[in-house]
Amino acid sequence: MDINQGGFMMHWGKFFCFVFMSTLFLTGSSSDTWGAPAKPSQATETCLACHRAVTPGIVSDWENSYHSTSTPAAALEKAKRERRMSAAQVSDEVSGHVVGCAECHTANPDAHPDTFDHNGFKVHTVVTPADCAVCHPTEVDQYSHNIMAQAYGNLNHNPVYHDLVEMSIGTQKFANGELSVDPPNIDTESDACNYCHGTVVEFQGLEERSTGMGTMSLPKYSGWPNQGVGRINPDGTKGSCAACHTRHNFSIEMARKPYTCGECHKGPDVPAYKVYMVSKHGNIYNSHWKDWDFKAVPWVAGEDFTAPTCATCHASLVVTPTGEVISERTHQFNDRSAWRIFGLPYAHAHPKDADTTKIKNSDGLPLPTSLDGTPATEYLIDENEQNKRRATMKRVCSACHSEGWTNGHFERFENTIQIMNEKTLTSTGILLEAYNSGVANGLADGDSLFNEALEKKWVETWLFYANSTRFSSAMAGADYGVFANGRWYMNKTIAEMADWLEMLKKIHDDED
Amino acid sequence: MDINQGGFMMHWGKFFCFVFMSTLFLTGSSSDTWGAPAKPSQATETCLACHRAVTPGIVSDWENSYHSTSTPAAALEKAKRERRMSAAQVSDEVSGHVVGCAECHTANPDAHPDTFDHNGFKVHTVVTPADCAVCHPTEVDQYSHNIMAQAYGNLNHNPVYHDLVEMSIGTQKFANGELSVDPPNIDTESDACNYCHGTVVEFQGLEERSTGMGTMSLPKYSGWPNQGVGRINPDGTKGSCAACHTRHNFSIEMARKPYTCGECHKGPDVPAYKVYMVSKHGNIYNSHWKDWDFKAVPWVAGEDFTAPTCATCHASLVVTPTGEVISERTHQFNDRSAWRIFGLPYAHAHPKDADTTKIKNSDGLPLPTSLDGTPATEYLIDENEQNKRRATMKRVCSACHSEGWTNGHFERFENTIQIMNEKTLTSTGILLEAYNSGVANGLADGDSLFNEALEKKWVETWLFYANSTRFSSAMAGADYGVFANGRWYMNKTIAEMADWLEMLKKIHDDED
Amino acid sequence: MDINQGGFMMHWGKFFCFVFMSTLFLTGSSSDTWGAPAKPSQATETCLACHRAVTPGIVSDWENSYHSTSTPAAALEKAKRERRMSAAQVSDEVSGHVVGCAECHTANPDAHPDTFDHNGFKVHTVVTPADCAVCHPTEVDQYSHNIMAQAYGNLNHNPVYHDLVEMSIGTQKFANGELSVDPPNIDTESDACNYCHGTVVEFQGLEERSTGMGTMSLPKYSGWPNQGVGRINPDGTKGSCAACHTRHNFSIEMARKPYTCGECHKGPDVPAYKVYMVSKHGNIYNSHWKDWDFKAVPWVAGEDFTAPTCATCHASLVVTPTGEVISERTHQFNDRSAWRIFGLPYAHAHPKDADTTKIKNSDGLPLPTSLDGTPATEYLIDENEQNKRRATMKRVCSACHSEGWTNGHFERFENTIQIMNEKTLTSTGILLEAYNSGVANGLADGDSLFNEALEKKWVETWLFYANSTRFSSAMAGADYGVFANGRWYMNKTIAEMADWLEMLKKIHDDED
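Residues numbered from 1 in each chain as written. Chains lettered and ligands numbered in written order. Predicted model: local features only at pLDDT ≥ 70, side-chain atom pairs only at ≥ 80, totals over all residues. Heavy atoms only, no water.

Under an unreviewed UniProt entry, the name given to chain A is Hydroxylamine oxidase, and the organism recorded is Geoalkalibacter subterraneus.

Listed below in structure tokens is the structure:
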């Protein structure tokens with residue numbers, strides 16, 4: 001029997017509409033349970049009246065969302081493990097209606113400098129974690145302990161790191177045989193590093209704009225648009241929940257799929273997404289996701305999914321088919337990460353504090369290790385905490401893997417951490433020899449650490465190749481540890497650096 | 001209730017077949033409307049009689065197509081916005097049958113040099129835009145105004161560009177310490193650049209071939225197979241509609257999905273697909289496409305899809321849920337593009353004419369800017385036209401985004417255009433210094449602009465890194481503007497070029 | 001009529017459960033046919049009793065598998081073309097129950113050194129091809145003729161190749177201006193090359209572990225975990241069927257999807273997956289796979305799928321809609337490959353024997369060609385065999401393509417093979433000149449062929465760029481033959497090598 005199943009379903013669809021239309025409409029409309037439909041507040045209805053025409057895309061998006069079909073009151077009636085909101089209660093004002101435009105865009109009006117009068121409502125455009133915390137306070141609090149929440153300041157207020165930014169995206173000029181670098185302007189910074197790290201969004205006052213509804217006074221912002229993970233909001237809060245829970249659907253399905261993490265964790269500096277996609281887990285995901293349930297809360301291992309996504313290991317409430325908790329939901333994603341494996345020359349124990357600008361290494365620089373790899377121990381978690389985090393992660397593995405399997409995997413990962421640190425030490429040694437022999441200029445010469453070709457090759461050894469290899473080892477996606485930006489490129493670049501050093505010496509020798 | 005939905009559907013399928021088989025067959029067979037089934041012409045039935053056995057794959061593919069279920073007559077009864085064909089009427093001969101093998105492969109027989117006698121029919125193998133224009137004349141006309149339609153000539157008849165082809169894919173020989181380059185043969189050209197740009201397909205006469213149906217006289221072509229966007233067809237027309245509307249399904253779903261554009265717009269020279277996939281839009285697409293309707297005409301924003309694909313912004317007829325037109329269907333894709341951002345050293349206003357070989361810059365070369373970035377203004381659209389195109393594009397954004405959001409986005413893009421042109425000027429400055437100091441040979445020396453290592457690094461600064469950064473900025477996929485072939489590589493390559501220049505000088509100094 | 005089909009199905013699901021629940025349960029439970037349900041053996045039930053709680057993920061995974069719903073006896077009742085098992089019969093012991101934990105993990109107990117007593121059962125953890133061969137002997141035998149089955153030894157027992165491993169993933173040290181290389185430790189080898197090639201898995205005895213079921217004696221292995229294609233198993237067999245048929249679902253759907261091959265065939269050295277994804281075939285796959293049937297046996301071209309995946313061309317039993325065989329199922333994947341196009345400096349006719357360590361070229365090295373490209377003919381298949389394999393592959397193409405189309409495609413591929421070999425000869429010439437002039441050290445100097453920067457650039461010309469171009473040509477994904485690691489990079493690297501040679505000479509000249 002060869003029936004094209006896709007076509008079959010469509011034919012069935014047509015047929016069904018005729019026969020059961022009324023049944024469907026009774027059971028299928030936007031009610032939270034099988035009881036009375038949940039409705040938008042009067043304020044939200046007012047928003048919708050115009051915005052359905054003005055910005056139909058986001059209204060439709062919201063209409064397909066869980067927010068549009070459920071009320072906080074209904075959510076609180078659920079068993080605790082099935083809840084998606086962490087507030088124990090919410091005010092009567094917001095409790096009885098679905099979570100619509102007004103519920104978020106008019107929350108906490110006095111805290112938002114950008115609150116403006118919009119057809120009689122005190123509206124703010126930029127919804128912030130403080131607004132989300134009305135219903136999701138635990139998640140907002142946990143999130144604030146991530147390095148991600150400090151992504152803006154950690155990059156821009158750390159002088160070493162901000163120098164890397166300037167040399168990476170600034171504008172070089174060539175004159176008289178010499179290169180100089182103009183720092184990037186704010187649009188370039190927003191378009192590049194701060195797209196993911198977050199911009200500073202500042203309210204610049206209202207401006208008149210002609211719209212489909214006539215001329216209106218509407219807010220103007222600097223640093224806008226942005227949805228970076230460490231965005232500095234007009235109300236002073238940090239981060240954007242929409243970075244992962246994309247407006248205006250706020251879909252748990254989307255947050256659980258790997259594309260969301262991949263928006264910022266895909267490049268050569270942090271190839272987590274690519275490593276996942278080439279791993280056995282990624283293979284299973286790609287082959288079978290169509291059969292999985294990405295909306296179930298709690299998320300049942302084996303039933304709702306058969307291989308982890310990013311969220312499974314780092315964030316979600318995961319249970320066994322009989323309801324035993326495998327891992328609790330967390331929005332402090334590093335609580336399962338013993339090591340920090342990317343973004344710095346050497347892997348090191350995770351920083352204690354999300355604000356890494358406070359760290360001082362033995363060279364006096366705000367880096368978690370010194371140039372020779374020595375960790376700034378007092379700022380980093382200790383072995384006990386590392387063991388605890390590792391155990392939490394291993395518990396997730398245990399849903400499908402024996403302890404022998406898991407231990408073998410983690411032993412290799414620890415080995416990779418150590419070996420790649422040794423390799424970074426080798427590439428650093430070549431750079432230091434260039435400084436010592438006067439053919440390159442570093443910090444000791446009052447020059448940038450990141451502006452010369454040899455320095456940039458050195459940066460790639462740790463920022464690309466050691467990072468890539470560590471991710472490959474952590475998530476078992478071998479390609480990225482061998483030929484795809486892995487050990488091959490590490491070793492090749494080190495060999496090139498050694499030759500490049502000789503060539504620089506040659507050029508400089510004769511100048512003497 | 002934990003039901004595996006995949007399994008559920010299959011069980012249901014089995015059950016349903018028993019009970020409702022006859023109903024299904026009545027309502028679900030290939031009829032265009034709920035009326036009488038549309039049938040193939042007698043000629044097409046004759047084709048199918050053999051080809052079902054000889055090339056079953058493409059016959060099945062066609063059977064799943066819209067072409068196989070609809071007639072031009074039925075299409076013309078639809079409301080204008082719902083039509084997929086633009087001809088106001090077609091001849092009686094083709095009007096009443098579905099669009100099958102014979103309708104296309106025997107159209108315009110006298111115009112096709114490759115028309116041959118095939119079992120009593122005058123058949124041509126290579127269906128061309130002129131054949132598609134029988135039903136889709138507006139699309140064929142619009143398409144001809146794309147630079148893409150001229151992709152063969154623009155690459156191969158522009159001496160500067162064809163030199164780039166030869167140096168990029170030709171065969172180097174090393175003898176007596178010197179490299180020389182043999183030009184690529186035609187198979188290499190067809191397999192490389194012309195795979196996307198299009199080959200020259202020429203009818204070489206008939207040859208005897210033994211087939212499943214006995215020995216037959218069948219046509220032989222040079223440049224075959226090919227489905228490049230600027231293919232030069234035997235009938236003199238340009239392009240292949242099958243480049244995007246893949247034979248023999250000609251699926252609008254496929255043309256609207258990003259993989260189609262990705263076939264040619266994915267590499268480091270034009271990474272549109274990769275940028276999209278790492279953008280928020282791409283994330284939404286990947287997470288939610290399974291819930292979208294890719295076949296609806298017109299395409300309803302918010303209902304049929306919740307984030308744009310390539311087609312949404314550049315091609316499709318998009319309407320609001322209430323039927324207001326957001327953007328008209330166009331097959332002149334550049335009518336929303338103010339700038340041309342790839343393929344040339346500097347970004348510049350779009351050329352007026354799709355045939356870019358006519359352009360002359362101030363250096364007398366057929367390039368839209370001179371080597372210092374000065375645009376060949378008279379050949380490029382003016383600011384008014386740029387504003388008009390930008391406004392058309394912004395209208396698409398407005399389905400989901402406020403004007404403040406959209407303006408902020410486009411301001412950054414304009415900034416990127418300017419800054420990346422400045423950076424290209426810097427890398428060009430290093431190359432010119434190499435020419436001036438005699439350590440490299442350029443056009444003024446009667447040598448290729450693209451054959452030496454330093455020149456190839458220079459090419460990468462604009463062809464890969466500036467292009468990638470511009471796409472990243474245009475489509476908000478930050479990775480490709482920073483570490484993934486973006487500003488990092490731009491700046492690193494420029495730093496390497498500066499050192500390389502010194503090394504070349506060193507080598508040449510002592511030679512003097 | 002705009003119905004969200006996804007939502008529609010869910011409403012329908014709810015409704016259906018109410019009305020037809022009993023019907024469903026009668027027809028839809030885990031029975032292999034419409035008769036009595038197939039059940040696990042008593043031994044498997046015993047396993048499940050604990051493992052449902054201890055490793056719920058893999059139990060659920062198995063429960064969704066074909067193995068859990070079908071018995072060998074039922075399989076043998078099927079028509080031959082519909083069978084998934086190749087054994088003509090199996091013992092009564094295993095015939096009547098579904099294929100569960102015990103059937104595989106207690107098979108051939110005496111052959112497995114790691115068999116241990118586990119709650120009264122003689123269990124081994126590492127299931128090997130010898131166990132799978134109980135039901136799938138033909139597949140296991142065919143697989144053993146792949147170079148893949150010898151992937152461990154071919155890499156690690158070939159001194160030239162193992163030197164490449166050591167230089168690629170070993171740890172460089174920089175001292176006194178010189179680089180040296182420490183060989184990789186076993187964890188690094190397992191985590192890198194041997195992840196895909198396979199590790200040596202050795203039983204190290206039992207160790208006590210505290211588990212959810214109390215303290216137990218459980219096996220410990222070196223080289224574990226691993227599922228590489230050439231894994232050396234404790235019982236001496238080679239390979240892991242789970243490399244492609246992922247535990248514990250063993251899904252034919254997954255093996256037929258390209259992600260499975262992509263786990264190991266995605267990197268720059270073997271970019272088959274990436275080439276596929278950018279090809280027309282990959283585009284069709286990505287756009288339409290949701291409408292395909294990946295489970296049908298045999299696999300019907302045009303009906304079950306409309307474009308090939310990796311499996312279609314290299315492995316699957318493919319038939320026409322009328323049941324004519326297009327290609328037989330094979331697990332000797334190279335039986336359709338005339339050339340070996342990757343992993344070695346030059347493309348060459350496929351080796352006769354899967355164990356390539358036996359080969360000796362005219363230089364006396366265990367390589368299929370000498371450094372100038374001359375093939376070690378006696379170890380390679382002859383032209384007749386090449387023609388036979390090419391014909392088998394072309395037969396697959398013929399399901400959708402005319403002979404003219406297919407011939408044109410293969411002519412270009414043959415041209416690419418020849419031209420890329422010429423280019424490799426050019427890059428080899430530059431390296432030899434470096435050896436001859438004493439600025440680099442090769443085998444003749446008692447030094448590695450792969451440790452210096454110039455040598456690593458040479459390796460990239462063939463291991464990355466020539467390979468990538470050949471895959472691009474073989475599978476019509478042009479990007480990877482031009483700018484994405486294709487001819488552009490080949491030519492650029494050769495130009496760089498020529499300059500690098502001059503620079504090395506410069507450095508060394510003055511040393512003299």
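All names here are of chain A. Under the domain assignment, chain A is made up of domain 1 (7-105), domain 2 (128-250) and domain 3 (252-331). A C-alpha centroid distance of 27 Å is found between domain 2 and domain 3. Across the boundary between the two partners, domain 2 contributes eleven residues, which contact nine residues of domain 3. When domain 2 packs against domain 3, close to 910 Å² is buried across both sides, 53% of that on carbon and sulfur atoms. Here domain 2 and domain 3 share zero salt bridges between them. Across the contact surface, domain 2 and domain 3 share two residue pairs in polar contact (both at pLDDT 80 or more). No other element matches helix α8 (residues 137-143), which puts three residues into the side of domain 2 that touches domain 3. Within the side of domain 2 that touches domain 3, the residues separate by chemical class into six nonpolar, four polar and one charged. (Domains from an automatic or database assignment. Contact = heavy atoms within 4.5 Å. Buried area = accessible area lost by both parts, 1.4 Å probe. Salt bridge = Lys/Arg side-chain N within 4 Å of Asp/Glu carboxyl O. Polar contact = N/O pair within 3.5 Å; in protein donor to acceptor, adjacent residues only side chain to side chain. Helix = DSSP H or I, 4+ residues; strand = E, 2+ residues; numbered from the N terminus. Nonpolar A, V, L, I, M, F, W, Y, C, P; charged D, E, K, R; others polar.)

A few words now on the relation of the copies chain B and chain C. Note on the identical chains: chain B maps onto chain C by a rotation of 120° and an axial translation of 0.0 Å, with an RMSD of 0.0 Å. Within this description, the copies of the chain are treated as partners about a three-fold rotation axis. The C-alpha atom lying nearest the rotation axis in chain B is that of B:Met503; the distance is 4.1 Å. Taken as a fraction of all interface residues of chain B, those also at the interface in chain C reach only 11%, which identifies the copy contact as different-surface. (Least-squares fit on C-alpha atoms with pLDDT ≥ 70 in both.)

Of all hydrophobic cores here, the largest spans 132 residues; its most connected members are A:Phe450, B:Phe450 and C:Phe450. What B:Phe450 contacts, discounting residues up to four positions off in sequence, is B:Val160, B:Asp163, B:Leu164, B:Met167, B:Glu455, B:Lys456, B:Trp458, B:Val459 and B:Trp462. In terms of nonpolar packing, the next biggest core, distinct from the first, is built from 57 residues, A:Tyr276, A:Phe305, B:Trp292 and C:Ala296 among them. (Core = buried A, V, L, I, M, F, W, Y, C linked by side-chain atoms within 4.5 Å. Buried < 20%, exposed > 50% of the residue type's maximum accessible area, 1.4 Å probe, protein only.)

This part covers the relation of the copies chain A and chain C. Note on the copies: chain A fits chain C at an RMSD of 0.0 Å, the axial shift is 0.0 Å, and the rotation between them is 120°. Of the residues that chain A buries at the interface, just 9% are likewise interface residues in chain C, meaning the two copies contact each other through different surfaces.

Turning our attention to the state of the cysteines. In protein chemistry, a disulfide is the covalent bond that joins the sulfur atoms of two cysteines. Residues and elements named next belong to chain A. For the structure shown, the criterion picks out three disulfides over all chains. A sulfur-sulfur distance of 2.3 Å marks the disulfide that ties Cys196 to Cys264. Taking the sign of the S-S torsion, -95° for the link of Cys196 and Cys264, the bridge is left-handed. Residue Cys196 is found in helix α12 (residues 193-197), and its partner Cys264 is found in the loop between α14 (258-262) and α15 (272-278); the two are separated by 68 residues along the sequence. (Disulfide = S-S within 2.5 Å.)

Listed per partner, the contact involves 82 residues of chain B and 77 residues of chain C. At the boundary of chain B with chain C, the tally comes to six salt bridges. The residue B:Glu253 makes a salt bridge to C:Lys290 at a minimum N-O spacing of 3.0 Å. Here chain B is connected to chain C by 29 residue pairs in polar contact (both at pLDDT 80 or more). The leading source of residues in the side of chain B that touches chain C is helix α1 (residues 5-28) of chain B, at eight residues. Tallied by class, the residues present in the side of chain B that touches chain C amount to 35 nonpolar, 25 polar and 22 charged.

What follows concerns the UniProt feature "domain: Cytochrome c-552/4" (unreviewed entry) in chain A. The UniProt entry lists residues 46-111 of chain A under the feature "domain: Cytochrome c-552/4" (unreviewed entry), expressed in the numbering used here. This span, residues 46-111 of chain A, is 47% helix and 0% strand, and a straight line between its end C-alpha atoms measures 23 Å. (UniProt positions renumbered as here; feature names shortened; annotations may be inferred.)

Let us look at the interface of chain A and chain C. It is common to give the size of an interface as the accessible area lost on bringing the parts into contact. Listed by partner, the interface residues are 76 residues for chain A and 81 residues for chain C. Across the chain A to chain C interface the summed buried area is about 7000 Å²; carbon plus sulfur atoms make up 61%. Three residues, A:Trp405, A:Arg412 and A:Trp488, lead the burial of chain A against chain C; their summed loss comes to 12% of the area buried on that side. In this assembly, chain A and chain C are joined by six salt bridges.

Going through the model one piece at a time under the given rule, you end up with 67 salt bridges over all chains. The closest approach of N and O atoms between B:Asp191 and C:Arg487, which form a salt bridge, is 3.2 Å. Of this pair, B:Asp191 sits in helix α11 (residues 186-191) while C:Arg487 is found in helix α21 (residues 487-511), placing the two residues in two different chains. In this structure, B:Lys492 and B:Glu496 form a salt bridge, with 3.8 Å as the shortest nitrogen-oxygen distance. Placement of both B:Lys492 and B:Glu496 in helix α21 (residues 487-511) is noted, with a separation of four residues, approximately one turn of the helix. A single salt-bridge network, built from bridges that share partners, covers A:Lys457, A:Glu460, A:Lys492, A:Glu496, B:Lys457, B:Glu460, B:Lys492, B:Glu496, C:Lys457, C:Glu460, C:Lys492 and C:Glu496.

This part takes up the pairing of strand β6 (residues 214-222) of chain A. Residues and elements named next belong to chain A. Relative to β6, strand β5 (residues 202-211) runs antiparallel, the two sharing eight bridges. Note on β6: the bridge partner recorded for Ser210 is Thr215. The hairpin formed by β5 and β6 contains two residues between the paired strands. (Pairing = 2+ DSSP bridges.)

This paragraph deals with the packing of aromatic side chains. In this description, a pair of aromatic rings is defined by centroid distance and the angle of the planes. Enumeration over the complete set of coordinates arrives at 69 aromatic pairs over all chains. Look at B:Tyr143 and B:Phe333: their rings are 6.4 Å apart centre to centre, the planes differ by 70°, and that puts the pair in the edge-to-face class. Of this pair, B:Tyr143 sits in helix α8 (residues 137-143) while B:Phe333 sits in the loop between β9 (325-327) and β10 (339-340), and the two are 190 residues apart along the sequence. With a relative accessible area of 14%, B:Tyr143 lands in the buried category. Pairing C:Trp458 with C:Trp462 gives two aromatic rings, centres 5.5 Å apart and planes at 70°, and the pair type is edge-to-face. Of this pair, C:Trp458 and C:Trp462 both sit in helix α20 (residues 453-475), four residues apart, which is roughly one turn of that helix. Given the relative accessible area of 1%, C:Trp458 is considered buried. Look at C:Trp462 and you get buried, because its relative accessible area is 2%. A cation over a ring is seen here: A:Lys456 above B:Trp488, with NZ or CZ 5.4 Å from the ring centre. Above the face of the B:Tyr66 ring, B:Arg84 is positioned so that its terminal group lies 4.3 Å from the ring centre. (Phe/Tyr/Trp six-rings, centres within 6.5 Å; stacked < 30°, edge-to-face > 60°. Lys NZ or Arg CZ within 6 Å of the ring centre and 35° of its normal.)

Moving on, we come to helix α3 (residues 56-63) of chain A. All names here are of chain A. Across the eight residues of α3, six count as buried, placing the element largely inside the fold. Within the span of α3, buried status applies to Pro56, Gly57, Val59, Ser60, Asp61 and Trp62. Those residues of α3 that are buried are in contact with α2 (42-54).

Moving on: the environment of A:Thr106. Residue and element names in this part refer to chain A. Structurally, Thr106 can be placed in the loop between α6 (101-105) and β1 (116-118). Residue classification places Thr106 among the partly exposed positions, given a relative accessible area of 24%. With 21 residues separating them in the primary sequence, Thr106 and Val127 have C-alpha atoms 8.9 Å apart. Those residues in contact with Thr106 that sit more than four places away from it in its chain are Lys122, Val123 and His124. Reaching out from Thr106, the side chain makes a polar contact with the backbone oxygen of Ala102 at a distance of 2.5 Å.

What follows deals with helix α19 (residues 403-436) of chain B. A rise of 1.5 Å per residue sets the reference length of α19(B), with its 34 residues, at 50 Å; its end C-alpha atoms lie 49 Å apart and thus fit the reference within 8%. Downstream of α19(B) by a residue or two, B:Gly438 has a phi angle that is positive, lying close to 80°. (Expected span 1.5 Å × (residues − 1).)

All right, on to the sheet that holds strand β9 (residues 325-327) of chain C then. All names here are of chain C. Taken together, three strands build an open sheet; the order of strands is β7-β8-β9 and the sheet is mixed. Looking at strand neighbours, the two that pair on one side only are β7 (299-300) and β9, the edges of this open sheet. Here strand β8 (residues 318-319) runs beside β9; their pairing, made up of two bridges, is antiparallel. Following the sheet pairing, Val319 is matched in β9 by Val325.

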